[in-house]
Amino acid sequence: MAVTPTVVNCVYFLFCFCFPAGQLPCPLIPSCLVRLSLFSLSPLLHLLPRLLFTRLYSVMDKMPQTPPFTGVFPNNAYNKNLYQTKEENYGGLYYHDNTIVSGSLEALIQHLVPTVDYYPDRTYIFTLLLSSRVFIHPYELMSKVCHLCVEHQRLSDPQADKMRLRKIAPKVLQLITEWTDTFPYDFRDERMMRSLKELTQRLASGDELYRKAVQQVTQGLIRKLTTLSQYEEALAKISATATDRLAVLKAKPQSVQRDILSICSDPFTVAQQLTHIELERLSYIGPEEFVQAFAQKSPLDNDKNCFSDHKKASNLEAYVAWFNRLSYLVATEICMAVKKKHRARVIEFFIDVARECFNIGNFNSLMAIISGMNMSPVSRLKKTWGKVKTAKFDILEHQMDPSSNFYNYRTALRGATQRSITAHSSREKIVIPFFSLMIKDIYFLNEGCSNRLPNGHVNFEKFWELARQVSELMTWKKVECPFEKDRKILQYLLTAPVFSEDALCLASYESEGPENNMEKDRWKSLRSSLLNRV
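Chains are numbered independently. Their residues run from 1 in the order of the written sequence. Per-residue local features are limited, in this predicted model, to residues with pLDDT of at least 70; the limit for side-chain atom pairs, both in listing and counting, is 80 or more; totals at the level of whole chains, interfaces and linings are taken over all residues. The side-chain figures draw on all heavy atoms in the structure; neither hydrogens nor water molecules are used.

Let's talk about the overall build of the chain
Only DSSP runs of H or I covering at least 4 residues are called helices, and only runs of E covering at least 2 are called strands; the numbering of each starts at the N terminus. Looking only at helices and strands, the chain has 24 helices and 4 strands in total. In the chain, which comprises 534 residues, the share counted as buried stands at 53%. In the chain, of all internal contacts separated by at least 6 residues, the share reaching a separation of at least 24 is 78%. For the chain, the accessible surface area stands at approximately 25200 Å², while carbon and sulfur atoms represent 53% of it. Exposure categories follow from relative accessible area, calculated using a 1.4 Å probe and restricted to protein chains: below 20% of the type maximum is buried, above 50% is exposed, and the middle band is partly exposed. Whether two residues touch is decided by their heavy atoms; if any such pair falls within 4.5 Å, the residues are in contact. Residue-level accessible areas treat just the shown protein chains as cover; the underlying method is Shrake-Rupley with a 1.4 Å probe.

Below is the structure:
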């Protein structure tokens, strides 16, 4: 049974409310997410924490370990992680099968800082930089790292051994490089930039080679932040020019209105352009945005909010908004067509676009298109659907069936991921996940596992799993789109006016009249409110 986006939001909100400290993770979740009843889901919610913890132990053994930076540092001189083989406490850190599972925040930070004989594993660096912001500001972490580097490694001593400085400087510089490469948005905070400048000046004071390396890191960071600002400005312009399709219809006769088929009648080309948009939007999402979206402060953390006093990136929200727009664009293109034959043609066209998205590995656009065609204003057009060959659509819906926790989709995603790993061309590398489901998975992980253990230690098992999920997306978003851009199609997909939810309902009733008294009353009310308003 199809439902409207408003109903979807309400049902999903109630679903999240059943969870401890529930909160709505994104503005619109497609209707397929709520086909299962709340009653059937409730037993799973009670079992979720136990299931998550059970899974975490198996995941730790599969956590990928990045090889040493053999091209940067001397072999066997720095990558001694000093992992222990027993489940014991070493310097405030607790290990299980040679992997950190918990520890005090200070000990975890200490483990991040390189020494003459040690450099942390890159998976640990990513996990701590991602998760630490739940407990302290990034600038506070940077300050602590700088203090440990300067004081403990005696970088502040003018008489420091030159040989010692030459051993430690490349490692500290490598840590800074990884931070600025993976979490560049942290450095929009002036406090971060001050700490970075102070530390890099100390590193650059001893050798011309390090001065050039520091300059390269700083210039690369500035380029990334400039690109982000330009992207945000472009999104703001697109949002500012958005107009309501109903107002456009009143302003221009429908005969001169453009639709998707007048722009491009080739489904494969449209699927390629959708992939361009998806990969661009995806590429700007910082890993820290997933923590910002779901982080809840613990009473042990002094009730401070680590994201309230500096500019946050909002690329995750922009990406969810793009999914919503595409769903509404699909529904608008179908409902605005006057003739039944043309509506059926538009439906079949989008089915073909969705199929091409599936073949490419663009699951997010695929689900947005399916969601748009499942909206009530579209699904109620029985006479129109009677003229549509739905066999291909049925196959796509089966692939994205939400039963068994989206088993079919997750199987297809694993296949696309494997194809990406063994790819011989850039096209085969494309993996664009169904983003709302990924958000839901991370939301459940956050809600089902506590940030701290009863003894006050950080529950690092939880953050290993969080990092694993987020790091997959970080790999997928780096893929360059291999398809040629078509500016005309991109412009239409991004800026074409779409109907509001009420306008969609009105257009649907105008296309195929109300079937009962309730629909007739709804139709009259919409005509009175919308047409008079316009």
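Here's the deal with the side chain of Glu232
Checked against the element boundaries, Glu232 lands in helix 8 (residues 208-240). A polar atom in the side chain of Glu232 sits 2.9 Å from the side chain of Arg188. Under this definition, polar contacts are N or O atom pairs within 3.5 Å; protein pairs additionally need one hydrogen-donor-capable and one acceptor-capable atom, and for neighbouring residues in sequence, both atoms have to be side-chain atoms.

Regarding the packing of helix 11 (residues 267-283) against helix 13 (residues 315-335)
Here an angle of 0 to 180 degrees is reported between the N-to-C directions of two axes, which are lines fitted to C-alpha atoms, with helices fitted over the stretch in contact. Across the interface, helix 11 lies against helix 13 with an axial gap of 9 Å and an inter-helix angle of 160°. Judged by the angle between their axes, helix 11 and helix 13 are roughly antiparallel. In this structure, helix 11 crosses over helix 13, and the sense of that crossing is left-handed. Contacts between helix 11 and helix 13 pair Leu274, Ile277, Glu278, Arg281 and Leu282 from the former with Ala318, Tyr319, Trp322 and Leu326 from the latter. When an angle is under 35 degrees it counts as roughly parallel; over 145 it counts as roughly antiparallel; between 65 and 115 it counts as roughly perpendicular; any other value is oblique. We call a crossing left-handed when the near helix sits turned anticlockwise from the far one by less than a right angle, and right-handed when that turn is clockwise.

Quick word on the pairing of strand 2 (residues 93-96)
The alternating pattern of strand 2 places Leu93 and Tyr95 on a buried face, while none of Tyr94 and His96, on the opposite face, is buried. The pairing of strand 2 with strand 3 (residues 99-103) spans 4 bridges and is classified as antiparallel. Opposite Tyr95, over in strand 3, you have Ile100 as the bridge partner. Strand pairing follows a simple DSSP-based rule, namely that at least 2 bridges must link the two strands. Counting the residues that bridge the hairpin from strand 2 to strand 3 gives 2 residues, and of these Asp97 lies at a positive phi of roughly 50°.

Things to note about helix 11
Multiplying 1.5 Å by the residue count of a helix minus one yields the expected span of that helix. The end-to-end C-alpha distance of helix 11, which contains 17 residues, comes to 24 Å, matching closely the 24 Å that a straight helix rising 1.5 Å per residue would cover. For helix 11, the tally of buried residues reaches 14 of 17 residues, placing the bulk of the element in the interior.

A look at the nonpolar core
Where a protein is soluble and globular, its nonpolar side chains tend to be buried together. Residues belong to one nonpolar core when they are buried, are Ala, Val, Leu, Ile, Met, Phe, Trp, Tyr or Cys, and are joined through side-chain atoms within 4.5 Å. Val145, Trp179, Leu274, Phe290, Met373 and Phe435 are the most contacted members of the largest nonpolar core, which has 146 residues in total. The greatest single-element share of this core, amounting to 12 residues, is contributed by helix 13. Residues contacting Met373, with those up to four places away along its chain left out, are Val330, Ile334, Ile347, Phe350, Ile351, Val378, Ser379, Trp385 and Phe393. Core analysis: the second largest hydrophobic core is formed by 6 residues, Leu228, Tyr231, Tyr284 and Ala318 among them.

Let's talk about the side chain of Ser102
As for its placement among the helices and strands, Ser102 is situated in strand 3. Taking relative accessible area as the criterion, Ser102 reaches 6% and is therefore assigned buried. When near neighbours in sequence (up to four residues on either side) are disregarded, Ser102 contacts Gly92, Leu93, Tyr94, Leu453, His457, Val458 and Phe460.

Regarding the packing of helix 14 (residues 340-360) against helix 18 (residues 391-399)
Closest axis-to-axis distance for the helix 14/helix 18 pair is 10 Å, and the angle between their directions is 45°. Between helix 14 and helix 18, the interaxial angle falls into the category oblique. For helix 14 against helix 18, the interelement crossing comes out left-handed. Listed contacts from helix 18 to Ile351, Asp352, Ala354, Arg355 and Phe358 of helix 14 are Lys392, Phe393, Leu396 and Gln399.

Observations regarding a positive patch on the surface
Patches draw on residues past 30% relative accessible area with no salt bridge. Two like charges within 9 Å are joined, as are two nonpolar side chains (Val, Leu, Ile, Met, Phe, Trp, Tyr) within 5 Å. For this document, the term salt bridge refers to a Lys or Arg side-chain nitrogen within 4 Å of an Asp or Glu carboxyl oxygen. Asp and Glu are treated as the negative residues and Lys and Arg as the positive ones, with His and the ends of the chain left uncounted. Each charge is placed at NZ for Lys, CZ for Arg, CG for Asp and CD for Glu. On the surface, Lys339, Lys340, Lys341, Lys383 and Lys387 cluster together into a positively charged patch. Within the fold, Lys387 resides in the loop between helix 17 (382-385) and helix 18.

Observations regarding unusual backbone geometry
Phi is positive for Asn98, which is not a glycine, with a value near 70°. What makes Asn98 partly exposed here is its relative accessible area of 31%. With a phi angle near 55°, Phe406 is a residue other than glycine that sits in the positive phi range.

Regarding the packing of aromatic side chains
Aromatic pairing here means that ring centres of Phe, Tyr or Trp (its six-membered ring) are within 6.5 Å. Orientation follows from the plane angle: under 30 degrees is stacked, over 60 is edge-to-face, and everything else is tilted. Applying the stated criterion across every chain, the model contains 18 aromatic pairs. Judged by centre distance (5.6 Å) and plane angle (40°), the rings of Tyr124 and Phe460 are tilted. In this pair, Tyr124 sits in helix 4 (residues 122-131) while Phe460 sits in helix 21 (residues 460-476), placing the two residues 336 residues apart along the sequence. Residue classification places Tyr124 among the buried residues on the basis of a relative accessible area of 0%. What makes Phe460 buried here is its relative accessible area of 0%.

Observations regarding helix 13
In this model helix 13 runs 30 Å from its N-terminal to its C-terminal C-alpha over 21 residues, within 8% of the 30 Å that 1.5 Å per residue would give. Of all the 21 residues making up helix 13, 19 are buried; the element is thus mostly covered by neighbouring parts of the structure.

A look at the pattern of salt bridges
For side chains of opposite charge, pairing can occur when their charged atoms come near one another. In total, this model carries 16 salt bridges according to the counting rule given. Between Glu178 and Arg122 there is a salt bridge, and its shortest N-O distance comes to 3.2 Å. Taken together, the residues Glu178 in helix 6 (residues 162-182) and Arg122 in helix 4 connect sequence positions 56 residues apart. A salt bridge links Arg410 to Asp441; its shortest N-O distance comes to 3.0 Å. Placement of the pair is Arg410 in helix 19 (residues 403-421) and Asp441 in helix 20 (residues 435-448), with a sequence separation of 31 residues. When its relative accessible area of 22% is taken as the criterion, Asp441 is described as partly exposed.

Quick look at the confidence of the model for the chain
Of the residues in the chain, 74% reach a pLDDT of 70 or more, and the chain-wide mean stands at 80. Here pLDDT means the predictor's own confidence in every residue, given as a number from 0 to 100. Contacts of residues 1-87 to residues separated by more than four positions or lying in other chains number 167 contacts, the stretch itself having pLDDT below 50. Within the model, the stretch residues 297-305 combines pLDDT values under 50 with 16 contacts to residues more than four positions away or in other chains.

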